[in-house]
Structures are given as structure tokens and as C-alpha cells.
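Residue-level listing of the chains:
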Amino acid sequence: MDSSAQPRADLVLEGGGVKGIALVGAIAETQARGYRLGAPARVAGTSAGALIGSLLAAGMPVPEMVELMRGVDYRSFQDGSRFAAVRGLSLLTTLGLYRGDALHKWIAAHLRECGVETFGQLKLHDPGSALPPRHAYKLVVVVSDISSGRMVRLPWDYDRYGLDPDEQSVADAVRASASIPVFFRPRRLCRGDGRRCVQVDGGMLSNYPITIFDRDDREPRWPTFGVKLSPRPLSGGVYPEWRTVRGPLGYGRALVSTMAEAHDRVQMDEPAIVARTMFARTGGVLATDFHLDAATRERLYQAGREAAARFLDGWDHRAYLARHRGLVTRASD
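The residue numbers shown here count from 1 along each chain, following its written sequence. Side-chain atom pairs in this predicted model are given and counted only at pLDDT of 80 or more, local residue features only at pLDDT of at least 70, and totals for whole chains, interfaces and linings cover all residues. Side-chain numbers come from the whole structure's heavy atoms, not from hydrogens or water.

(A) Up close: the overall build of the protein. Helix and strand assignments follow DSSP, with helices taken as H or I runs no shorter than four residues and strands as E runs no shorter than two, numbered in order from the N terminus. For the protein, the count of helices and strands is 11 helices and 12 strands. Accessible area is worked out with a 1.4 Å probe on protein chains only. A residue is then buried under 20% of its type maximum, exposed over 50%, and partly exposed in between. Looking at the protein residue by residue over its 333 residues, the buried ones come to 52%. Taking as baseline every contact in the protein between residues at least 6 positions apart, the subset at least 24 positions apart corresponds to 76%. All accessible areas in this document rest on Shrake-Rupley with a 1.4 Å probe, and a residue is counted as covered only by the protein chains that are shown. Approximately 14,900 Å² of the protein is accessible, and the part contributed by carbon and sulfur atoms is 52%. We call two residues in contact whenever any of their non-hydrogen atoms come within 4.5 Å of each other.

See below:
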């Protein structure tokens, strides 16, 4: 099929730590169904969603991305001491059990292989777009700035820091978005005035930023699809999952999971949000399960593919607009 004739979709990817390979499965299935992902369409994500989204926006071929994520050794991202007491001291002194340097180097290297280091290399050149220049980028990374207590959308919000967005590192932004509290040290960003800000996992404020591309001034040229790493909610918003919390590490994991899920859970009561979401069934795996075996990786990947297949089997863009445009106060570009 001529690429210009392929249907397009903006993509919003939920955060989920090691469960991110399910996002790749959803991307692979969506592309296999004939959708053109990436420029001129855009991608946004939090944490693992930001990591996968950055590779997609940078132009990494999807089959290559699949192989990369199937083979990644998540344990290598645990770049701290093997002694629990030392890690505990690290948490007290640096606010993280692990440095996060290995994760940063890993994503920076793969983005560099795609020819991308700064957001200026992800500028969107789309003559048919009515986007304001500050939003004309292929990628948006969601970060929580705990210095100001607000969600930050990078590169859109670099002007708040007095920084040129085109000069900022994509890998730095992804590293900040993936800074799971307790597990990874936060990222400290130096503002243009010399003041330092503390940035952590975007999931603290929005793990599933599905409305990020929405606008209220025009009908969308193509849809925005979201990929969520949890089952479709039951009627009434009831979530049946129950976690056993034991010890400091279990407490930390439960705390992070609760923060990551609570803010966006209210969106799942909105029919118009549910209607454009792919729900990948990733139950039984925590975002911080760094010791995934091959069978679990494959199960997560297939869960993503199956979620996309279920969704696309019933997707009709015009029907969506007819049914939900009046319920959603904004429309995506």
C-alpha cells in the first residue's frame, strides 16, 4: 500500500515499567493492520511508554524494536550495589535504590543509532497541520516535576525552564519520565536561571495521558489511539486486583503502582476514552519485575498484539466521531 494512502493514528502509550513490551506488541499489530504510525502522526508516553514512543518517533523499524525489547536484560538497569544495606543508604542519600545511568545510556545509544539525540531532530514538518510551533514535534514525553508539583510535557514545556526545546536531549527526558520513585534516582534539571528542578516518573501525575493531543478548535484528521497495560474496567469502575504488601520493598512497589494508576483511573469512567483505548491484559506482572523470563516476555508481547487486534476489529473512526464528539470537549489534531 502507498504510504500516503495508509490510515494514520496518533498514539499514546501508558507507563508500565517492564511491561512495556506489551506496548511493542500493540504497535506491531496496529502497523500490521495497515496503520502508519509515526510522523506526520505523533506519539506520546509516560515512563516505559516514553521509552517505546521515543524509539518509534525516532524511526526505528517496528520489527527491530520487537527484537530489541524481546532481548533487553532489565536486570542491567538495576545499576546499584548488590548489598541491600548500601542500596538503602543510596535511597536515603540520592533518593533512589539504583542510579538509572544504565537505562539512560541504553536509550541514548539506541536513539543515536536512529540519528536522534535532541528534540530538534524530532521536529514535525507537516504542511497540512495547524499545530502551533511549540507543539510541532513527533514525540511528547510526560514527566512529573515535584519541584513545582505539576505535570510537564517535554519538549512543549521547556520554555517554562528558560531552555531551548530543540537543544534538549531526548534521552534525558525519557530517563526523567522513567524515574520510578524509590527505585531510580530522580533527574535534576538545571533551569536557564541556574535553579535546579527535580523530575520523576510521569506516572505520578498521568500514567496514561490519553488527552494530550486533544484540541477544541477542529475535527481530527486521524484518530488518537491509546494503549493501556491493564484489562478493560468492569462496569461501575470496579478494579478487582488485590496486592499483598510485605516489607519495605513491597511497600515501595505498591506505593508506586498506586500513584501510577490512581490519577488516570477516573478517565476510565468516560465512554469516549474507553472507546479509543486498547487494553492489554498484563495481570500478574509488576512494573518493577526486573527478572522477567522469556515466557513472560512473550506473553506480554502477545497480550499487546491481542489488545490491538480486538480493538481494531471494531474500530470505526467516523462512528467514533458521530457518537462521542459531543461528549469529548476536545478533538485531536
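(B) Here's a closer look at helix H10 (residues 294–313). Compared with the 28 Å implied by 1.5 Å per residue over 20 residues, the 29 Å span of H10 between its first and last C-alpha is a close match. All of the buried residues along H10 are Thr296, Arg297, Leu300, Tyr301, Ala303, Gly304, Ala307, Ala308, Ala309, Phe311 and Leu312. Where H10 is buried, its residues contact helix H1 (21–32), helix H3 (62–71), strand S10 (224–228) and strand S11 (277–279). One less than the number of residues in a helix, times 1.5 Å, gives the span that helix is expected to have.

(C) Quick look at helix H6 (residues 170–177). Where burial is concerned, most of H6 is hidden: 7 out of the 8 residues are buried. Every buried residue belonging to H6 is among Val170, Ala171, Ala173, Val174, Arg175, Ala176 and Ser177, and all of these are buried. If you check the start of H6, you find a side-chain oxygen 3.3 Å away from the backbone N of alanine 171, and it comes from serine 169. Polar contacts here mean pairs of N or O atoms no more than 3.5 Å apart (in protein, one a potential hydrogen donor and the other a potential acceptor; neighbouring residues in sequence count only if both atoms are side-chain atoms).

(D) Representation of the pairing of S10 in the model. Across the 5 residues of S10, 5 count as buried, placing the element largely inside the fold. The two faces of S10 match: Thr224, Gly226 and Lys228 on one face and Phe225 and Val227 on the other face are all buried. As judged from the 4 bridges shared by strand S1 (residues 10–13) and S10, these two strands associate in the parallel manner. For leucine 11, the partnering residue across the bridge sits in S10 and is phenylalanine 225. Where S10 meets S11, 3 bridges bridge the pair, whose relative direction is parallel. Within S11, the residue paired with valine 227 across the bridge is methionine 278. We treat two strands as partners when DSSP finds at least two bridges between them.

(E) Spotlight on the pattern of salt bridges. Each salt bridge in this description consists of a side-chain nitrogen of Lys or Arg and a carboxyl oxygen of Asp or Glu lying within 4 Å of one another. Under the criterion given, the structure shown has 16 salt bridges. Connected through shared salt-bridge partners, Arg134, Arg153, Asp157, Asp159 and Arg160 make up one network.

(F) Representation of the packing of helix H2 (residues 48–57) against H3 within the structure. Orientation is described by axes fitted as lines to C-alpha atoms, over the contacting stretch for helices, and by angles from 0 to 180 degrees between their N-to-C directions. The interhelical angle for the contact between H2 and H3, taken along N-to-C directions, is 145°, at an axis separation of 10 Å. In the packing of H2 onto H3, the handedness of the crossing is right-handed. Contacts between H2 and H3 involve Leu51, Ile52, Leu55 and Leu56 on the former and, on the latter, Val62, Met65, Leu68 and Met69. The residue inventory of the contact of H2 with H3, partitioned by class, reads 8 nonpolar, no polar and no charged. Crossing handedness: left-handed means the near helix sits turned counterclockwise from the far one by under a right angle, and right-handed means the same turn made clockwise. Classification convention: Asp, Glu, Lys, Arg as charged; Ala, Val, Leu, Ile, Met, Phe, Trp, Tyr, Cys, Pro as nonpolar; all other residues, Gly among them, as polar.

(G) Up close: the packing of aromatic side chains. Here a pair means two rings of Phe, Tyr or Trp (six-membered ring of Trp) with centres within 6.5 Å. Their orientation is stacked below 30 degrees between planes, edge-to-face above 60, and tilted elsewhere. Evaluated as defined, the whole model comprises 14 aromatic pairs. On the numbers, 6.4 Å between centres and 55° between planes, the contact of phenylalanine 183 with phenylalanine 290 is tilted. Here phenylalanine 183 is found in strand S6 (residues 182–184), whereas its partner phenylalanine 290 is found in the loop between S11 and H10, with 107 residues between them in sequence. For phenylalanine 183, a relative accessible area of 2% corresponds to the buried category. With a relative accessible area of 6%, phenylalanine 290 lands in the buried category. Cluster of aromatic residues (ring-pair linked, three or more members): Tyr35, Phe225, Phe311, Trp315 and Tyr320.

(H) The arrangement of the side chain of histidine 110 in detail. Secondary-structure assignment places histidine 110 in helix H5 (residues 101–113). Relative accessible area serves as the criterion here: at 14%, histidine 110 is assigned to the buried category. If near-sequence neighbours (up to four positions away) are discounted, histidine 110 is found in contact with Leu55, Met60 and Leu68.

(I) View of the nonpolar core. Only buried residues count toward a nonpolar core, which is a set of Ala, Val, Leu, Ile, Met, Phe, Trp, Tyr and Cys residues joined through side-chain atoms within 4.5 Å. Formed by 91 residues in total, the largest nonpolar core has its most connected members in Leu11, Leu51, Ile52, Met69, Tyr74, Phe119 and Phe225. Excluding its chain neighbours within four sequence positions, the residues that come into contact with leucine 11 are Ile27, Leu37, Arg42, Val43, Ala44, Leu56, Phe213, Phe225 and Val227.

(J) Here's a closer look at unusual backbone geometry. At the junction of alanine 39 and proline 40, the peptide bond is cis and its omega measures out at 5° in the coordinates. Mapping proline 40 onto the fold places it in the loop between H1 and strand S2 (43–46). Put simply, leucine 154 and proline 155 share a cis peptide bond, and its omega is 15°. On the secondary structure map, proline 155 appears in the loop between strand S5 (150–154) and H6. Residue serine 47 is not a glycine yet carries a positive backbone phi of 55°. Mapped onto the secondary structure, serine 47 falls in the loop between S2 and H2. Judged by relative accessible area, serine 47 falls into the buried class, the value being 5%.

(K) Seen up close, the environment of serine 206. For serine 206, the position within the fold is in helix H7 (residues 203–206). On the basis of relative accessibility, which here comes to 5%, the residue serine 206 falls in the buried class.

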